[in-house]
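Listed here are the chains, written in short residue letters.
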Amino acid sequence: MASPRILLCGDVLGRLNQLFKRVNSVNKSAGPFDALFCVGQFFPDEPDRLDELMDYVERRAQVPLPTYFIGDYGVGAPKVLSAVSRNSANQGFKMDGFKVCDNLFWLKGSGKFTFHGLSVAYLSGRQLSNGQQFGTYSQIDIDTLRAFAEEPGIVDFFLSNEWPSGITNRATVSDIPAGISDSSGSDSTVSQLVAEIKPRYHIAGTKGAYYAREPYLNVDAVHVTRFLGLASVGNKEKQKFLHALSPTPSSAMAAAEISAKPPNTTLSPYTLVDQVDRRKETTKRASDIELDSQYWRYDVSNKRQKHGNGDTNKVCFKFISSGTCPRGEKCNFPHDADAREQFLRGVCLDFIIKGKCEKGPACNFKHSLQDDGENHSRKRPGSSNTNANRSKECWFCLSSPNVESHLVTSIGENFYCALAKGPLVQDHVLIIPVEHMPNTLSLPADSETELGKFQNSLKLYYKNQGKEAVFFEWISIRGTHANLQAVPVPSSKAAVLKDIFTLAAEKLGFEFVTKKFSNNSEGRKWLRTQFDKNFSCFYVELPEGSILLHLIEENEKFPAQFGREVVAGLLNVADRADWRNCTIGKDEETKLAENFKKRFQVFDPSQ
C-alpha cells in the first residue's frame, strides 16, 4: 500500500483563496494528496478578510481536499466555531475533527486519531489564561496528551500552533535562520509535551518563518524526531508556507527503518530545557478540579433567575428538587425544608417560590399548599406506575415477546447478562435488571450484591484476555428498562480512560464529578447518594476505581451514546459509536452468544 501523501501549512490567516490556489497547483503537479494539515492561526487577523473565509464556510467556494486546522482563533472564530459546536452532526466525542463544511475539519482542544495509518496527535490553540472559549487549550488538554504519550506505539505527527522553547538552542543545531528567537512565539509547555510524546514529525506555526531543524534523538526511544516550522500564507518574505511529506506510517515500518539515524542527527534539545515539577502541580490541580466540580451543577443563582427575581426567591433550588445541596452551609440560599416537603407533594415550584404560576391551568402541578394528609409522592405529568404499565414492546423484559433471548448469556435473581446488540467490540456485555426498572440505581440496595458479582466476574473474564472492564450507564428520566454496559478495553489503553472521558466532557461543555474508591461496592453506594430520579445522569466506572458522574440539566443536550462514542474514539473505531452501524444477523448473534457463554462459564456467578 502506498504511503499517504500529506500537505502541511503554516498560519493561514484567512487567506484561503491564496492557499487553495497553491494547493491545487501542487496537487496537479505532484499529487494527488490525501490531506492538508494547517498549524498556526487559521482565521483572519483583520476583519476585511472574513468574507473570504465565510465563502468556504457557507459553501459558496469549495475546499479542494480534506483540510484539518488547529489554529482556532482570530477574527470570526468564536462565531463560526460556536455554530460548529452546536451542529447536531458534531455532537459527541470526535478526536478526528468537527466538520465545519465539506472537506474542512476543526481539531478542537487536544486529541489523537489515525489518518490513513498515520498516528496524528494535536494541541489546538494557544496557552492563554484570559478565559477565551476558543483559541486556547486547557490543562485537561495537556493531561490528555500526556496520557496518550504513555500508550504503546509511535506518534507520526504532532501538530501544535506554537514552537517549543529550546528547539533553536544553538548548542544543538547549526542551521538556525537569521531573526528567529527562542523567546518569542515559543512555549515551554509544548516542549515538555513533545519530549514526552516523541513524535516522528513535529509541525508548528505562529513564528512567521520556515525552519526545518536537523533531526534529533529522543530520550528512551529508538526513533528520531524532525521539527518543521512553517511560515504564514502570503508572507512578504516569501518564506515557505506549504510543505509536502509522504511518510510511511510507523505501524507499517520495520524496526530497522524506525531506528535509522541520519548522519546529521543531534542530541535532543529538550534535555537542556528546565523541566517543571508536575507532580506537585498535578496534586493541586486534581484537588482544585474536584472541589470546583462539586458546584458546577448547582448554580442556584441561575435557577433563581429562572423562577423570578426578588427577595422572595431566596431558596435553594437544588435542595428543594433533590433534598441535598453539596454547598452545605456555604450555600447562599436557604435550604427550606417546608418548601421541599410541598414540592414532594406535587406543588408547583413557581407557586412555592413566587406565590403564583404564570402557566395557570396549563400547569400540571398543584397551586395550593398541601396538608399532611395529601399524597407525598411527586409524579411527573403523564407518569404512572412503571411496572403496571410495562410495555410489551420492551426489548429487555424477559417476559416480553420481543426480548432478544438469543443474546442472553446468564440469568441471576435480580440481573441477567446479554451480549449487546450492535456491539462496540467483541464481548461487549449488558447487565440488565430482571425487573422493568429505568436504572440500576433505583433497585433495592440488596440487589447490589448480585450486580457486584456480575461486574467482578466480567472483570476477571476480561483480565484473562489482557483487557480491563469499563462500565457506564446513561440514565434518562424518560428511560424505560435499564442496562449497565460493560466494554473490554486493552490493558495498554486503560490508563487513558479517565483523561479521555474528561476531555470528552470538556468538549461538550461540562465537568464530571469524580471520586475514587477502593472497591466497587463503596463506589455504587456513593452513586446512590448522588442519584436524583428527577434528573437524567451519566456515570462511568473505571478500572482503577474512579467513578465519573454527570447530572444532566433539564434542557441540556446530552448524546445518548456518549459512553460508546468516547470508548470508540479511544479504540479508533469511531464508525462503531452508533450501535445501529454494527448490527449483524440473528444467526451470527446466536453464534457469538453461544461462544461467549462457553468462555464465560467458568466465571459466571449464576452457574
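Residues numbered from 1 in each chain as written. Predicted model: local features only at pLDDT ≥ 70, side-chain atom pairs only at ≥ 80, totals over all residues. Heavy atoms only, no water.

Section: the overall build of the chain
Part 1: Across its full length, the chain holds 17 helices and 23 strands.
Part 2: For the chain, buried positions account for 52% of its 607 residues.
Part 3: The contacts in the chain between residues at least 6 apart in sequence include a share of 68% that link residues at least 24 apart.
Part 4: In the structure as shown, the chain presents an accessible area of about 28,300 Å², 48% of it carried by carbon and sulfur atoms. (Helix = DSSP H or I, 4+ residues; strand = E, 2+ residues; numbered from the N terminus. Buried < 20%, exposed > 50% of the residue type's maximum accessible area, 1.4 Å probe, protein only. Contact = heavy atoms within 4.5 Å. Areas by Shrake-Rupley, 256 points an atom, 1.4 Å probe, with all protein chains shown as cover.)

Description of the environment of Tyr73
Part 1: Inspection of the secondary structure assignment puts Tyr73 in the loop between β3 (67-69) and α3 (77-86).
Part 2: We classify Tyr73 as buried; its relative accessible area is 5%.
Part 3: In the structure, Tyr73 is positioned 60 residues away from Leu13 in sequence and 9.5 Å away in space, judged by C-alpha atoms.
Part 4: Sequence-distant contacts of Tyr73, that is, excluding residues within four places in its chain, are made with Gly40, Gln41, Phe42, Phe43, Gly125, Arg126, Gly135, Asn161 and Thr206.
Part 5: Of the polar contacts made by the side chain of Tyr73, one reaches the backbone nitrogen of Gln41; its length is 3.5 Å. (Polar contact = N/O pair within 3.5 Å; in protein donor to acceptor, adjacent residues only side chain to side chain.)

A word on the pairing of strand β18 (residues 429-433)
Part 1: With five of five residues buried, β18 is to be regarded as a mostly interior element.
Part 2: As paired strands, strand β17 (residues 415-419) and β18 are joined by five bridges and run antiparallel to one another. Across the sheet, residue Cys417 finds its bridge partner in β18, namely Ile431.
Part 3: Note that β18 and strand β20 (residues 484-490) share three bridges and pair antiparallel. What sits directly across from Val429, in β20, is Ala486. (Pairing = 2+ DSSP bridges.)

Section: helix α2 (residues 50-57)
Part 1: Every buried residue of α2 is accounted for by Glu52, Leu53, Met54, Tyr56 and Val57.
Part 2: Looking at the buried side of α2, the elements it contacts are α1 (16-30), α3 and β4 (98-101).
Part 3: Once α2 finishes, Arg59 follows within two positions and takes phi at roughly 70 degrees, a positive value.

Description of the packing of helix α12 (residues 448-463) against helix α15 (residues 520-530)
Part 1: α15 packs onto α12 with a crossing angle of 130 degrees between their chain directions and a minimal axis gap of 10 Å. When the axis of α12 is compared with that of α15, the two are oblique. Viewed along their axes, α12 and α15 form a crossing whose handedness is right-handed. Listed contacts from α15 to Glu448, Leu451, Gly452, Gln455 and Lys459 of α12 are Asn520, Arg524 and Arg528. (Axes fitted to C-alpha atoms, helices over the stretch in contact; angles between N-to-C directions. Parallel < 35°, antiparallel > 145°, perpendicular 65-115°, else oblique. Left-handed = near helix turned anticlockwise from the far one by under 90°.)

Examining the sheet that holds β4
Part 1: The sheet built from six strands is open, its strands ordered β4-β5-β3-β2-β1-β15 with mixed pairing. Lying at the two open borders of the sheet, with one neighbouring strand each, are β4 and β15 (242-245). Across this sheet, the average inter-strand angle for adjacent strands is 25 degrees, counted without regard to direction.
Part 2: Relative to strand β5 (residues 104-106), β3 is paired through three bridges, and the arrangement is parallel. Residue pairing across strands places Thr67 opposite Leu104, the latter belonging to β5.

Details of the confidence of the model for the chain
Part 1: Per-residue confidence for the chain averages 81 on the pLDDT scale, and 78% of its residues sit at or above 70.
Part 2: Taken as a whole, residues 273-313 scores under 50 in pLDDT and shows 62 contacts with residues more than four places along the chain or in a different chain.
Part 3: Ignoring residues within four places in sequence, the model shows residues 372-391, a span with pLDDT below 50, making 23 contacts including any to other chains. (pLDDT = per-residue confidence, 0-100.)

Observations regarding the sheet that holds β18
Two modes of strand pairing occur in sheets, parallel and antiparallel, and in both the strands are linked by backbone hydrogen bonds.
Part 1: Taken in spatial order, the eight strands line up as β16-β17-β18-β20-β19-β22-β23-β21 in an open sheet, and their pairing is antiparallel. The strands lining the two open edges of the sheet, one partner per strand, are β16 (408-411) and β21 (513-516). Across the sheet, the mean angle from the axis of one strand to that of its neighbour is 20 degrees, orientation sign disregarded.
Part 2: Judged from the three bridges that link them, β16 and β17 form a sheet pairing that is antiparallel. Paired with Val408 across the strands is Ala418, a residue of β17.

Details of the packing of aromatic side chains
Part 1: Overall, the coordinates contain 36 aromatic pairs when judged by the stated rule.
Part 2: An angle of 80 degrees between the planes, with centres 5.2 Å apart, marks the rings of Tyr461 and Phe596 as edge-to-face. Linking Tyr461 in helix α12 with Phe596 in helix α17 (residues 586-600), this pair joins segments that are 135 residues apart in sequence.
Part 3: With relative accessibility at 2%, the residue Tyr461 sits in the buried group.
Part 4: Seen from their ring centres, Phe512 and Phe562 are 6.4 Å apart, and the 50 degrees between their planes marks the pair as tilted. A residue pair is termed long-range when its members are at least 10 positions apart, and Phe512 in the loop between α14 (497-508) and β21 and Phe562 in helix α16 (residues 562-570) qualify at 50 residues. (Phe/Tyr/Trp six-rings, centres within 6.5 Å; stacked < 30°, edge-to-face > 60°.)

Points about the nonpolar core
Part 1: Residues Phe37, Phe157 and Phe501 are the most contacted members of the largest nonpolar core, which totals 68 residues.
Part 2: The residues touching Phe157, leaving out its near neighbours within four places in the chain, are Ile6, Leu8, Phe37, Leu118, Ser119, Val120, Ala121, Pro199, Tyr201, Ile203, Leu245 and Pro247.
Part 3: In this structure, Leu407, Ile431, Met437 and Tyr462 belong to the second largest nonpolar core, which totals 39 residues. (Core = buried A, V, L, I, M, F, W, Y, C linked by side-chain atoms within 4.5 Å.)

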